[in-house]
Amino acid sequence: MGSPSENSKVKLVKQVNLVDCIALVVGVIIGSGIFVSPKGILENTGTVGWALTVWVLCGVFTCVGALCYAELGTAIDKSGGDYTYLRIFHPILGFLRVWTMILAVRTVPWTVLSITAARYITASIGSFVCEDGVPKETTQILAGLILACIIYINCWSVQLSRRLQIFFTIAKTVGLTIIIICGMWALLKGHTGSFQNAFNPEEVKWVQFPKAFYAGLFAYSGWQYLPQVTEEIINPGRNVPLSIIISVVIVMVVYILTNVAYFAVLSPFELLASPAVAVTFGQRVLGPVWWVMPVFVAMSCIGSINGGIFGTARMFFVASREGQLPEILGMIHIRRKTPLPAASFALPICLLMLITDDVYALINYLSFSRWLFIAITVALVPYFRWKYPDLDRPFKVPLVLPVLFTFCALFMVISSILSAATEFAIGFVITFAGVPVYLLLVWWDSKPKCFTDAMRNMTIFLQKLLVVIHQEEKTYTNEM
């Protein structure tokens with residue numbers, strides 16, 4: 001690919017085009033959710049018809065939220081996504097957002113995705129090389145290597161991580177297309193038993209519908225990543241909203257057709273009994289080449305990790321630039337023009353999470369804070385229109401959309417409190433433990449000289465080690 005010119009200014013370069021944007025959004029959303037959530041949605045709705053309806057409604061809800069983020073991302077040309085918008089409203093909200101990202105909201109999904117990818121890889125080859133199955137330690141080591149490789153690529157080259165994202169997005173789409181084609185063929189052959197009496201009122205579990213929506217929205221999660229890289233997007237006023245619309249529509253269509261394919265091949269009982277829907281589906285329709293399904297699932301997970309790290313590294317970078325994270329995270333590699341420190345920041349955290357089985361509990365603990373921050377962010381759309389009426393907005397949504405989305409997201413928060421009070425209490429403590437950290441490390445200006453000297457010496461040491469400096473040219477215009 002060739003290294004960037006050493007004479008050029010050190011900054012993040014605008015090189016993310018429309019195809020990259022679509023690959024980023026589609027690649028992040030389609031992770032492990034489409035292979036995990038079908039079981040949870042069917043289990044909590046009770047019927048095939050309502051399960052498919054929940055998939056549609058979750059897609060519509062996702063599209064509304066993504067369009068609201070698109071307005072914010074085109075009006076405010078700073079990277080960082082919802083961290084930036086929350087910080088503009090109040091600095092402590094921005095800090096709490098990035099605080100929860102570091103502790104769990106981003107790092108835990110990457111850890112879980114890496115473990116899932118490792119398990120599917122070993123599942124596809126384990127039966128050929130190990131009769132008793134692959135040891136847990138082997139899976140953990142493989143998961144760690146996957147994380148390390150993806151993070152290294154994001155540190156090494158923006159172009160390489162972009163191309164890798166396109167490759168994995170195509171690969172996971174091909175895998176799902178195989179499922180869809182096999183399912184449609186089964187329908188043509190008359191396998192429609194799962195769709196008979198699909199809305200049987202006697203089997204509907206109305207009380208458990210909120211859990212079904214949680215499972216569906218988990219599969220759609222990741223739509224808010226694109227505004228995190230606004231400063232690197234070519235013509236963001238056009239490409240941000242256009243790519244979000246195209247991406248969410250693609251994901252909705254693929255998800256619905258994939259679920260139809262699942263039900264065409266598997267009965268509802270078989271789907272609920274399956275420990276891995278894609279593997280069971282592959283064994284049923286692909287015969288001896290069933291092992292390609294675990295490979296596609298693994299690539300889907302890895303692609304989601306790559307897109308997540310690409311976006312979240314920019315959030316850490318911006319948070320450092322705003323003085324809310326260590327200074328070193330706001331620096332760029334002199335030659336590679338990558339936010340190397342920010343991209344590598346999460347690796348040790350994820351590796352530590354790999355050695356404990358409690359990592360999955362953190363997802364439940366902080367799900368309420370995730371939706372709370374999303375609700376506040378979307379509510380900023382009408383607030384910013386009132387506060388900054390003269391702000392140029394290349395893309396605008398009808399005000400009814402952010403209002404409806406905010407109320408629905410707050411309902412998600414309230415329902416999580418009522419249905420899982422213990423998890424909410426733990427998540428509340430973890431989230432707001434960031435307040436004293438903010439007051440001590442960010443808000444307090446008169447820190448002891450020994451502390452500031454130690455931090456400055458550490459920053460200089462890491463600068464020399466990593467060959468990074470502050471960006472030499474501002475890549476945004478809004479100063480809010």
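What counts, and at which threshold
Residues numbered from 1 in each chain as written. Predicted model: local features only at pLDDT ≥ 70, side-chain atom pairs only at ≥ 80, totals over all residues. Heavy atoms only, no water. UniProt positions renumbered as here; feature names shortened; annotations may be inferred. Helix = DSSP H or I, 4+ residues; strand = E, 2+ residues; numbered from the N terminus. Rg over C-alpha atoms; globule rule 2.2 N^0.38 Å. Buried < 20%, exposed > 50% of the residue type's maximum accessible area, 1.4 Å probe, protein only. Contact = heavy atoms within 4.5 Å. Areas by Shrake-Rupley, 256 points an atom, 1.4 Å probe, with all protein chains shown as cover. Lys, Arg positive; Asp, Glu negative; His and termini not counted. Charge placed at Lys NZ, Arg CZ, Asp CG, Glu CD. Core = buried A, V, L, I, M, F, W, Y, C linked by side-chain atoms within 4.5 Å. Salt bridge = Lys/Arg side-chain N within 4 Å of Asp/Glu carboxyl O. Axes fitted to C-alpha atoms, helices over the stretch in contact; angles between N-to-C directions. Parallel < 35°, antiparallel > 145°, perpendicular 65-115°, else oblique. Left-handed = near helix turned anticlockwise from the far one by under 90°. Nonpolar A, V, L, I, M, F, W, Y, C, P; charged D, E, K, R; others polar. Phe/Tyr/Trp six-rings, centres within 6.5 Å; stacked < 30°, edge-to-face > 60°. Patch = residues over 30% accessible without salt bridge, like charges linked within 9 Å, V, L, I, M, F, W, Y side chains within 5 Å. Polar contact = N/O pair within 3.5 Å; in protein donor to acceptor, adjacent residues only side chain to side chain. pLDDT = per-residue confidence, 0-100.

With an unreviewed UniProt entry as reference, the protein chain is termed Cystine/glutamate transporter, source organism Holothuria leucospilota. On record in UniProt, under Sequence similarities (unreviewed entry), the comment for the protein chain is "Belongs to the amino acid-polyamine-organocation (APC) superfamily. L-type amino acid transporter (LAT) (TC 2.A.3.8) family." Quoted straight from UniProt, the Subcellular location (unreviewed entry) entry for the protein chain says "Cell projection, Microvillus membrane".

S.K.: Just checking my understanding: could you explain the overall build of the protein chain for this structure?
M.R.: Of the regular secondary structure elements, the protein chain holds 21 helices and two strands. Relative to the 2.2 N^0.38 estimate, which gives 23 Å for 480 residues, the radius of gyration of the protein chain is 23 Å and therefore close to what a compact globule would have. Across its three principal axes, the protein chain shows a C-alpha extent of roughly 70 × 55 × 45 Å. Counting all 480 residues of the protein chain, 55% fall into the buried class. The contacts in the protein chain between residues at least 6 apart in sequence include a share of 85% that link residues at least 24 apart. Surface exposure of the protein chain reaches about 20400 Å², of which carbon and sulfur atoms provide 69%. Here the protein chain contributes 33 positive and 26 negative side-chain charges, whose respective centroids are spaced 5 Å apart.

S.K.: For this particular structure, what's the right way to read the nonpolar core?
M.R.: Generally speaking, a soluble globular protein has its nonpolar side chains buried in company with each other. Of all hydrophobic cores here, the largest spans 154 residues; its most connected members are F35, V98, I179, L226, Y255, W371 and F405. When residues no more than four places from it in sequence are discounted, the contact partners of F35 are L176, I179, Y262, V277, A278, V297 and S300.

S.K.: Looking at this structure, how should I read the pattern of salt bridges?
M.R.: One side chain can pair with another of opposite charge once the charged atoms of both are near each other. Enumeration according to the criterion identifies 13 salt bridges in this entry. R284 is the salt-bridge partner of E270, the closest N and O atoms lying 3.0 Å from each other. Residue E270 is located in helix α11 (residues 268-273), and its partner R284 is located in helix α12 (residues 277-285); the two are separated by 14 residues in the primary sequence. In this structure, the salt-bridge partner of R456 is D453, at a minimum N-O distance of 2.4 Å. With R456 and D453 both in helix α21 (residues 449-466) and three residues apart, the pair spans about one turn of that helix. Taking relative accessible area as the criterion, R456 reaches 46% and is therefore assigned partly exposed.

S.K.: What is the right way to read the side chain of T116 from this model?
M.R.: Residue placement: T116 occurs in helix α6 (residues 107-129). In this view, T116 contacts S32 and C301; residues no more than four positions away in its chain are not counted.

S.K.: I'm lost on the packing of helix α17 (residues 367-387) against helix α18 (residues 400-419) in this one. Help?
M.R.: In a pair of packed helices, the angle between the axes and the distance between the axes together describe the arrangement. Two elements in contact, α17 and α18, have axes separated by 9 Å at closest approach and are oriented at 160°. Compared by their axis directions, α17 and α18 come out roughly antiparallel. At the point where α17 passes α18, the crossing takes the left-handed sense. Across the interface between the two elements, F368, W371, L372, I374, A375, V378, A379, V381 and P382 from α17 touch P402, F405, T406, A409, L410, M412, V413 and S416 from α18. Across the contact of α17 with α18, the residue classes tally to 15 nonpolar, two polar and no charged.

S.K.: Sorry if this is basic, but what is going on with the packing of aromatic side chains here?
M.R.: Think of a pair of aromatic rings as described by two things: how far the centres are apart, and how the planes are tilted against each other in angle. Applying the stated rule across the entire model yields 25 aromatic pairs. When the ring of F61 is compared with that of W371, the centres are 5.9 Å apart and the planes differ by 40°; the resulting orientation is tilted. Remark: W371 occurs in helix α17 and F61 occurs in helix α3 (residues 48-75); sequence separation between them is 310 residues. Ring geometry for F316 versus F345: centroids 5.4 Å apart, planes at 85°, classification edge-to-face.

S.K.: Help me understand a nonpolar patch on the surface, please; the structure alone is not making it clear to me.
M.R.: Taken together, the side chains of L439, L440, L441, W443, W444, F451 and M455 present a nonpolar region at the surface, about 690 Å² in accessible area. Only α20 (434-443) and α21 provide two or more residues apiece to the nonpolar patch. At four residues, α20 tops the list of elements feeding residues into the nonpolar patch. Topologically, M455 is positioned in helix α21.

S.K.: Any chance you could explain unusual backbone geometry here in plain terms?
M.R.: In the Ramachandran plot, K337 falls in the positive-phi region, its phi being about 55° despite a non-glycine side chain. Its place among the elements puts K337 in the loop between β1 (331-333) and α14 (340-344). Phi at V467 is positive, roughly 60°, even though this residue is not glycine. When its relative accessible area of 29% is taken as the criterion, V467 is described as partly exposed.

S.K.: When you look at the environment of N44 in this model, what are you seeing that I'm missing?
M.R.: Note on placement: N44 falls in helix α2 (residues 33-45). For the pair N44 and V207, spaced 163 residues apart in the sequence, the C-alpha separation amounts to 8.5 Å. The residues touching N44, leaving out its near neighbours within four places in the chain, are K205, Q208, F209, K211 and A212. In this structure the side chain of N44 is engaged in a polar contact, spanning 2.7 Å, whose partner is the backbone oxygen of G40.

S.K.: I tried to follow the packing of helix α1 (residues 18-29) against helix α13 (residues 292-321) on my own but got confused; where do I start?
M.R.: Axis separation between α1 and α13 bottoms out at 7 Å; the angle between their running directions is 120°. On the basis of their axis angle, the class for α1 and α13 is oblique. The interaxial crossing formed by α1 with α13 has left-handed handedness. For the pair formed by α1 and α13, the contact residues are L24, G27 and V28 on the first element and G303, S304, G307, G308 and F310 on the second. Residues that form the contact of α1 with α13 fall into these classes: three nonpolar, five polar and no charged.

S.K.: How should α12 be read in this particular structure?
M.R.: In an α-helix, one turn spans 3.6 residues; hence positions three or four apart end up facing the same way. Residues of α12 that are buried: V277, A278, V279, T280, F281 and G282. Just downstream of α12, G287 is the residue with a positive phi angle, here 60°.

S.K.: Help me understand the confidence of the model for the protein chain in this model?
M.R.: A low pLDDT means the predicted coordinates there should not be read in detail. Mean pLDDT over the protein chain stands at 90; residues scoring 70 or higher make up 95%. Predicted confidence for residues 1-6 stays below pLDDT 50, and this span has 10 contacts to residues more than four positions away or in other chains.

S.K.: Could you clarify how one ought to interpret the environment of L399 in this entry?
M.R.: Positionally, L399 belongs in the loop between α17 and α18. According to the relative accessible area criterion, L399 is partly exposed, its value standing at 39%. The spatial distance from the C-alpha of L399 to the C-alpha of R385 is 9.6 Å, given a sequence separation of 14 residues.

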